[in-house]
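# A look at the structure
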Amino acid sequence: MAVAQDTASGDHVKVRWLAPDTFGPGEETIGFYFEVDPGWHVYWRNAGDSGAAPRFDFAGASGELGDIQWPSPVRLPIEHLTNLGYEGDVAYLFSATPKASRMEIVVNLEWLVCKVDCIPGYGNMTLSRPVADAAQWQPVEKALRDRFAAQVPVPATRDNFPWIVSNVAAATDGDSLQLVLEAGAAEGAAAPAVFPLDGGLLTAKAPQVEESGDTLRYTFQRVPGAVLTPTTGFVVSDGEGAWQLDDIEIQAAATSAPTANPTPADSGQPLWLLVLAAIAGGAILNLMPCVFPVLSIKLFGLVGPEGEAAGRLKEGLRYAAGVLVTFAALGALLLVLRAGGAAIGWGFQLQSAPVVLGLILLFWVMALSFSGLYEFGHHLMNLAGNSRGGSFVTGVLAVFVAAPCTGPFMGAALGAATLLPAYGAMAIFLGLGIGLALPFVLLCAFPALLNRLPAPGPWMETLRQFLAFPLYATVIWLLWVLGRLLGDSGWLIGTLLMLVVVFAFWLGRHQFRGSRWIAWGLVAAALLMSFGAANSLQQSGRESGSVPVASEQSWQPYNRNAINQALARKQPVFIDYTAAWCITCQVNKKLVLDTEEVEALFRANDVYLVRADWTDQNPDITRALGELGRNSVPVYVWYAAGESEPILLPQILQVDMIEALFDDE
Amino acid sequence: MTTQGMSGKRSFRSFLGGIAMFALPALAMSAAVPGEKAPDFSEVDAAGETRSLKDYAGQWLVLEWFNKDCPYVKKHYGSGNMQALQKKYAEQDINWLTVISSAKGKQGYLEPSQALEVAKSHNLSASAPFLLDADGSMGRAYGAKTTPHMFIINPQGEVVYAGAIDDNDSANPAVIPKSANYVAAALDASLAGEAIKTASSRAYGCSVKY
């Protein structure tokens, strides 16, 4: 036996095997044990500012060998430089699975050992050990192996990594890169050491660490002039355990315009087809629960005693004008925002707490008047039904509430609108408007249809009162949205405002002295306070970055890095882009995603489930949607195991569509 | 609304950053960064002649950090790789300066007479005998971390490459034929009027002994 080749040595370094006396039939972790003179060091896989990692060139083996496993390093400041490596002794490990009666390995080694000066070393080593039923280690050797095995970073997963990677960002013109960790399970623990895997991108110098609350901000220096890579990796070590973060996406620190990166499904479609899709989408919006209450007001006006056949077409056209002007205005606003580089998407008007509060107030007052509480409602209704502005205003209102109810066709059209040139985007917006207005205009243009409606009479009062209920339902829905935006305070603010408004109506009806003034004063104060509170709550919520995400069982909040990690370990991923104000999303959730059947399917196939909640204006999710060529929800994204190309599912989900995902495999 | 707030915060931070930069003493180690103007230098070479950046205005210039006792320098000089590069590009009118930044008493330090001998024994084909930067001023201005550490400066006086000589950080000269030489690639691309593919890399080698 060539005992002499069991070891290798050079200046200040002795290398020997860490291996069992007898291998078992299965996989065994073995390694090279480097004993290094005091004061001298050898290197990690990223050696840092100078130096070089050792090389293990396997010339042959009677079995399968794994990659070298590098124990997590320490920083070694050497004069003006920082190296990453090990002082004293270290073991570089790898896995070996015998495929013969003896485990034979032949390896060429090269290493660099440095103090301030560096000395390279070379050696050849062979291993030859018998294979038996079970591995037999010298206890000391096994303990040594285990000691270093414990320092080898494990791939960080949601379950084993005590922190949460919230962001890796680099300023495009800067020379630094920031890694932000949130204390998850590691609450209260000291800041761990973080080492960059890519020495070409980041210098080895210890990052500057800022700690605020649960947030740890590591600022690394970039290698001057190094081109930013799309992703990078780190090893995180808390002194006991170590974790590896691979392929963490680097984001530009500056908020830039959403990248024009449409999915293949959207690219290359002619504009007319997109406009046609927009018209169809707009027409379907009429059937959506968000639009129905508004249309009901208008319909009520049309069948009222004042509704004359001749005037109806005019009414219909005014309504259409209201719809189109509003769509044009929203389209223009979106284009201006897009040009300004704001990462913003469709439905944004319902992401603002004050706007939601305003809608609650509007629908509450209308509902109360429909119920007959107050004559004002009657005036409003007459206004909506009679005056020239009335139909127009109804049209405006219809668009405003219809927007977030993205129906089929609408997603693709709107997504394209953010990417198309301005005229194309505007054409799509107007297409949506035409679609929304069309059924109503048709109803007006063909009085025969209207004539079939019953003649005015006392039933109208009943109908009016009945139509209040969809409005109440809308108020409840909007309150829920407000609650999602602001937390529990949202409910309180909304309901208190409603209470004050009803009280003010009551005061106003009782004509004692000054009651009207008190009523107006109360309403004014309530408006001021509630809108102020809603606005400041939302602002502070955004600044602290605490987006309340209801964690429902297996669904994870949106985290780009967690998703990339799941993809990297070949786990299938399902992402539900949703929002509280999106009715289609809620319906899909109720009828499909949250059913026991589908949940069992997901569980059985170990799917990584992500609920990307866009209720608040989360810029990360806006960006992710932009990359999919969408800027509205719902969007359902499916990555099959081991696939990096997403499949987009239809916006109206059915259980068999989810089942089909797993049949294909 | 929110976007404005964010950009406001950001500009405030960069404003603070700007103040911090002015307030910092100028002794912070600067560096030669690809895409930026090359730092000025003025050093005396082993023959006693002063060499400055402005002497090479309008010309291509390669800077190489040297330490005769560093295994990585030995790798590239022992194999003749570095001299071949120096010769090849000198023939194409590209200037090449080899710099010793080792401080007196540290590894690699050479008196002028010794430096002339080493230049001869190493068959140095640079445009001048070693530049002797014993006070480390030039090395620090360039942020030279290792020997060898390579910089390429274009005729406009901008750094176009900074980093390692090639992509293989082994100390073994046997790997040289299989390695991709970053300096040669950058110079060849530049002379052909093409873009430089790799403008920056992790310099490998021994630390510069300031």
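Residues numbered from 1 in each chain as written. Chains lettered and ligands numbered in written order. Predicted model: local features only at pLDDT ≥ 70, side-chain atom pairs only at ≥ 80, totals over all residues. Heavy atoms only, no water.

Check the secondary structure of chain B and you find six helices and nine strands. Looking at chain B residue by residue over its 210 residues, the buried ones come to 52%. Of the roughly 9600 Å² of accessible surface on chain B, a fraction of 56% belongs to carbon and sulfur atoms. (Helix = DSSP H or I, 4+ residues; strand = E, 2+ residues; numbered from the N terminus. Buried < 20%, exposed > 50% of the residue type's maximum accessible area, 1.4 Å probe, protein only. Areas by Shrake-Rupley, 256 points an atom, 1.4 Å probe, with all protein chains shown as cover.)

Another point: the sheet that holds strand 25 (residues 647-649) of chain A. Residue and element names in this part refer to chain A. The five strands lie next to each other as 21-23-22-24-25, forming an open sheet whose pairing is mixed. Of all the strands in the sheet, the pair left with one neighbour each is strand 21 (556-557) and strand 25. Inspection of the sheet shows strand 22 (residues 573-578) paired to strand 23 (residues 608-613) by six bridges, in the parallel sense. If you follow Val573 over to strand 23, its bridge partner there is Tyr608. (Pairing = 2+ DSSP bridges.)

A few words on the pairing of strand 8 (residues 81-87) of chain A. Consecutive side chains of a regular strand alternate in pointing toward one face of the sheet and then the other. Residue and element names in this part refer to chain A. With six of seven residues buried, strand 8 is to be regarded as a mostly interior element. Direction of pairing for strand 4 (residues 41-48) relative to strand 8: antiparallel, over a ladder of four bridges. Directly across from His41, in strand 8, lies its bridge partner Glu87. Strand direction decides the pairing type here: strand 7 (residues 74-78) and strand 8, joined by five bridges, are antiparallel. If you follow Pro77 over to strand 8, its bridge partner there is Thr82.

Residues and elements named next belong to chain A. Here Ala526 is to be found in helix 13 (residues 515-543). Looking at Ala526, the relative accessible area reads 13%, which means it is buried. Each C-alpha atom, one on Ala526 and one on Leu497, is 6.1 Å from the other, the two residues being 29 residues apart in sequence. Those residues within four positions of Ala526 in sequence are excluded, and the remaining contacts are Leu497 and Val500. (Contact = heavy atoms within 4.5 Å.)

To continue, consider the packing of aromatic side chains. Counted under the stated rule, the structure contains 38 aromatic pairs over all chains. Considering the side-chain rings of Tyr86 of chain A and Tyr92 of chain A, the 5.8 Å spacing of their centres and the 85° angle between planes classify their relative orientation as edge-to-face. Like Tyr92 of chain A, Tyr86 of chain A is buried. With 5.9 Å between their ring centres and 40° between their planes, Trp65 of chain B and Tyr142 of chain B make a pair best called tilted. Of this pair, Trp65 of chain B sits in strand 3 (residues 61-65) while Tyr142 of chain B sits in helix 5 (residues 137-142), and the two are 77 residues apart along the sequence. Linked through ring pairs, Trp17, Phe32, Phe34, Phe56, Phe58, Trp70, Tyr86, Tyr92, Phe94 and Trp111 of chain A together constitute an aromatic cluster. Looking at Arg611 of chain A, its charged tip hangs above the ring of Trp555 of chain A, at a distance of 3.9 Å from the centre. Just above the ring of Tyr210 of chain B sits the side chain of Arg140 of chain B; from NZ or CZ to the centre is 4.6 Å. (Phe/Tyr/Trp six-rings, centres within 6.5 Å; stacked < 30°, edge-to-face > 60°. Lys NZ or Arg CZ within 6 Å of the ring centre and 35° of its normal.)

In this section: the sheet that holds strand 8 (residues 159-163) of chain B. All names here are of chain B. Reading across the sheet, the five strands line up as 5-4-3-7-8 and stay open at both edges, with mixed pairing between neighbours. At either margin of the open sheet sits one strand with a lone partner, and together these are strand 5 (131-132) and strand 8. As judged from the four bridges shared by strand 7 (residues 150-153) and strand 8, these two strands associate in the antiparallel manner. In the sheet register, Met150 faces strand 8, and the bridge partner there is Gly163. Strands strand 3, strand 4 (95-100) and strand 7 of the sheet are contacted by helix 3 (residues 81-90), whose axis makes an angle of about 145° with strand 4. Contacts from helix 6 (residues 182-191) reach strand 3, strand 4, strand 7 and strand 8, with the element oriented near 10° to strand 7. (Axes fitted to C-alpha atoms, helices over the stretch in contact; angles between N-to-C directions.)

At the junction of Thr147 of chain B and Pro148 of chain B, the peptide bond is cis and its omega measures out at -10° in the coordinates. The residue Pro148 of chain B is located in the loop between strand 6 (146-147) and strand 7 in this model. The phi angle at Lys570 of chain A is positive, at roughly 60°, despite the residue not being glycine. Position of Lys570 of chain A among the secondary structure elements: in the loop between helix 14 (560-568) and strand 22. What makes Lys570 of chain A exposed here is its relative accessible area of 57%.

Right, let's get into the state of the cysteines. Per the counting criterion, the structure on display carries two disulfides over all chains. The disulfide partner of Cys114 of chain A is Cys118 of chain A, and the S-S distance across this bridge is 2.1 Å. On the S-S bond that ties Cys114 of chain A to Cys118 of chain A, the torsion sits near 110°, and the link is right-handed. Bridging Cys70 of chain B to Cys206 of chain B, the disulfide has an S-S length of 2.1 Å. Across the disulfide from Cys70 of chain B to Cys206 of chain B, rotation about the S-S bond amounts to roughly 85°, and the bridge is consequently right-handed. Of this pair, Cys70 of chain B sits in the loop between strand 3 and helix 2 (71-78) while Cys206 of chain B sits in strand 9 (residues 206-207), placing them 136 residues apart in sequence. Its relative accessible area of 0% is what places Cys70 of chain B among the buried residues. For Cys206 of chain B, a relative accessible area of 0% translates into the label buried. (Disulfide = S-S within 2.5 Å.)

This part covers the confidence of the model for chain A. Reading predicted coordinates in detail is not appropriate for stretches of low pLDDT. Residues and elements named next belong to chain A. Across chain A, the average pLDDT comes to 78, with 79% of residues at 70 or higher. For residues 341-349, every residue scores under 50 in pLDDT, and the model assigns this stretch 35 contacts once sequence neighbours within four places are set aside. Considering only residues more than four positions removed or in separate chains, one finds that residues 543-552, a stretch of pLDDT under 50, has seven contacts. (pLDDT = per-residue confidence, 0-100.)

Residues and elements named next belong to chain B. Summing up the model confidence of chain B, the mean pLDDT is 83 and the portion of residues at 70 or higher is 86%. Per-residue pLDDT stays below 50 along residues 1-29; that stretch engages in 13 contacts with residues further than four places along the chain or on separate chains. Across the interfaces of the predicted complex, the ipTM metric reaches 0.75, alongside a pTM of 0.52.

Before going further, it helps to examine helix 14 of chain A. All names here are of chain A. Most of helix 14 sits inside the fold, with seven of its nine residues counted as buried. Here helix 14 has its buried residues at Arg560, Asn561, Ala562, Ile563, Gln565, Ala566 and Leu567. With a side-chain oxygen lying 2.9 Å from the backbone nitrogen of Asn561, the N-terminal cap of helix 14 falls on Asn559. (Polar contact = N/O pair within 3.5 Å; in protein donor to acceptor, adjacent residues only side chain to side chain.)

Moving on, we come to the environment of Pro139 of chain A. Residues and elements named next belong to chain A. With respect to the helices, strands and loops of the structure, Pro139 is situated in helix 1 (residues 139-149). Taking the relative accessible area as the measure of exposure, Pro139 reaches 62% and is therefore exposed. Separated by 119 residues in sequence, Pro139 and Pro20 place their C-alpha atoms 9.4 Å apart.

Enumeration according to the criterion identifies 25 salt bridges over all chains in this entry. With a closest N to O distance of 3.6 Å, Asp89 of chain A and Arg147 of chain A form a salt bridge. Of the two residues, Asp89 of chain A sits in the loop between strand 8 and strand 9 (90-98) while Arg147 of chain A sits in helix 1, which places them 58 residues apart along the sequence. For Asp89 of chain A, a relative accessible area of 23% puts it in the partly exposed group. Residue classification places Arg147 of chain A among the partly exposed positions, given a relative accessible area of 42%. With a closest N to O distance of 3.7 Å, Lys104 of chain B and Glu111 of chain B form a salt bridge. Judged by its relative accessible area of 63%, Lys104 of chain B is exposed. Classification of Glu111 of chain B by relative accessible area gives partly exposed; the value is 29%. A single network of salt bridges, built from pairs that share partners, joins Glu28, Lys142, Arg145 and Asp146 of chain A. (Salt bridge = Lys/Arg side-chain N within 4 Å of Asp/Glu carboxyl O.)

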